[in-house]
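The residues making up each chain are set out below.
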Amino acid sequence: MNFDISDEQKLLLDEVDRACKELRPFEDEAYLAGKFNQHLAPIFKKAQLLGLPISRRYGAGQGADVLSYALALERIGQEGTGVRTFLSGHISLGQVTIQKWANDEQKDRYLAPATRGEKIMCFGLTEPTAGSDPASLRTTFEDKGSYFLLNGSKAWISNGSIADVAVVFAYPKGKREGMSSFIVERDFEGYSSQQQKHKLGMPTSDTGSIFLDNCRVPKENLMGPPGKGLSIAFSGLMSGRLSVAAGCLGVIEDCIDEAVSYARQRVQHGKQIGKHQLIQRHLGEMSTSLEAAKNVVYKAALLKQKSDSNPDNKDLRDYADVMIAKAKYFASNASFDAADRTVQIFGSSGYSFETRAPRHLVDTRVCRIYEGTDEIMVQKIAVSLLGQDYEAYR
Ligand SMILES: Cc1cc2nc3c(=O)[nH]c(=O)nc-3n(C[C@H](O)[C@H](O)[C@H](O)COP(=O)(O)OP(=O)(O)OC[C@H]3O[C@@H](n4cnc5c(N)ncnc54)[C@H](O)[C@@H]3O)c2cc1C
């Protein structure tokens with residue numbers, strides 16, 4: 001597989017880099033204030049990044065391929081997991097799922113404003129009692145003739161309290177099969193949301209709950225084939241997991257930059273700490289993990305690209321799905337390890353959120369939980385070796 005960066009990708013990365021540099025002072029300020037970063041959408045909108053992997057047919061869509069989008073998320077990940085999570089919710093989980101499963105009229109209606117940043121998106125699968133086991137969700141829909149009535153709640157949703165549009169999943173009332181997916185607008189009657197407070201990290205991006213209380217959803221907002229909700233959810237998670245893995249590469253890169261610079265400048269026992277071999281050990285470990293993580297993440301991105309272009313090839317899709325699980329599992333653990341090592345190198349300065357490493361430490365921790373926990377990823381990988389009969393979580 002060829003991971004060489006093309007001239008076109010270099011131009012894109014220059015644009016992403018400019019946007020990231022513009023964002024950083026606002027992100028610093030918001031992080032220390034513990035507040036949502038209001039500049040996220042405007043700055044990424046100005047750089048035309050809010051619809052990067054979406055077809056040029058829709059609004060500000062840029063038609064980037066999967067690897068180019070992953071490279072952009074890698075650079076954005078350097079700015080923090082919260083910054084990248086905003087885009088994962090809005091693009092990878094929201095828009096990419098709509099682009100794959102919605103009909104033409106729905107794509108025209110929702111993708112154009114989303115790519116322009118006029119409508120922010122989210123993906124509501126998780127519920128208070130359904131996380132790793134989404135098939136156990138309790139939200140229901142009822143066919144009322146000219147509309148559907150949705151009831152239930154979604155928890156821990158990225159962009160959940162700021163989103164204008166949510167992709168949500170529900171079972172027919174009274175049934176435990178036939179899950180379907182819907183595009184729901186925050187203005188629909190019976191829809192409300194609430195911000196999740198007291199999070200461990202990511203103070204600058206939004207996480208929220210969504211409440212559907214006799215929510216009236218027009219008939220035309222059923223998305224994809226009825227009864228195919230679980231397949232739609234899993235395809236959204238493939239895109240979301242890859243975005244997590246790509247962002248984690250950026251976290252490791254930022255940690256290495258910070259660690260190298262501090263190891264050159266901090267003097268203890270009469271020399272720069274970078275001259276102490278145990279500090280060098282941390283740098284060697286981080287750099288090696290980064291190379292390994294890049295290879296699995298880029299391979300997963302290219303496989304997803306290939307699978308997206310061959311939607312009827314189930315073997316290819318399964319292969320891409322498992323490679324993405326490996327990429328997410330490996331990169332999220334490597335990023336957490338890199339953040340921990342960098343905090344260690346910084347000593348007590350690494351215990352203050354005024355430096356970047358502890359922010360990465362608390363922020364990137366979520367990458368081992370959301371969009372499939374470490375345990376679920378590892379089991380998925382093991383089942384790809386053992387066979388479906390060994391699926392531990394069914
Ligand atoms: C900041 C944040 C943002 C999020 N954003 C979104 C979003 O945008 N959209 C969305 O739908 N969800 C989102 N989530 C939810 C996230 O995907 C879930 O939290 C995750 O899937 C885990 O579910 P859970 O928290 O209910 O844990 P549980 O499923 O209750 O798991 C608890 C523990 O048990 C383990 N476990 C569960 N089942 C098994 C098993 N079969 N074998 C072994 N171990 C098992 C888990 O690995 C975990 O360690 C977000 C979560 C967070 C924290």
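Novice: Sorry if this is basic, but what is going on with the pairing of strand β4 (residues 165–172) here?
Specialist: The side chains of a regular strand alternate between both faces of the sheet. For β4, the buried fraction is high: eight of the eight residues fall into the buried class. Here strand β1 (residues 121–124) pairs with β4 via four bridges, running parallel. Residue pairing across strands places G124 opposite V168, the latter belonging to β4. Looking at chain direction, strand β2 (residues 140–143) and β4 are connected through two bridges and run parallel. Counted as the bridge partner of F141 is P172 from β4. Inspection of the sheet shows β4 paired to strand β5 (residues 180–185) by six bridges, in the antiparallel sense. The partner of F169 across the bridge, within β5, is S181.

Novice: I tried to follow unusual backbone geometry on my own but got confused; where do I start?
Specialist: Phi is mostly negative for residues that are not glycine, and the peptide bonds are mostly trans. At H198, a position not held by glycine, the phi torsion is positive, near 60 degrees. Checked against the element boundaries, H198 lands in the loop between β6 (191–195) and β7 (207–218). With phi around 50 degrees, M202 is a residue other than glycine that occupies positive phi space. Here M202 shows up in the loop between β6 and β7. Here M202 falls in the buried class, since its relative accessible area comes to 7%.

Parameters at a glance
- Residues numbered from 1 in each chain as written.
- Predicted model: local features only at pLDDT ≥ 70, side-chain atom pairs only at ≥ 80, totals over all residues.
- Heavy atoms only, no water.
- Buried < 20%, exposed > 50% of the residue type's maximum accessible area, 1.4 Å probe, protein only.
- Helix = DSSP H or I, 4+ residues; strand = E, 2+ residues; numbered from the N terminus.
- Pairing = 2+ DSSP bridges.

Function-wise, these values are silent; they only describe arrangement.
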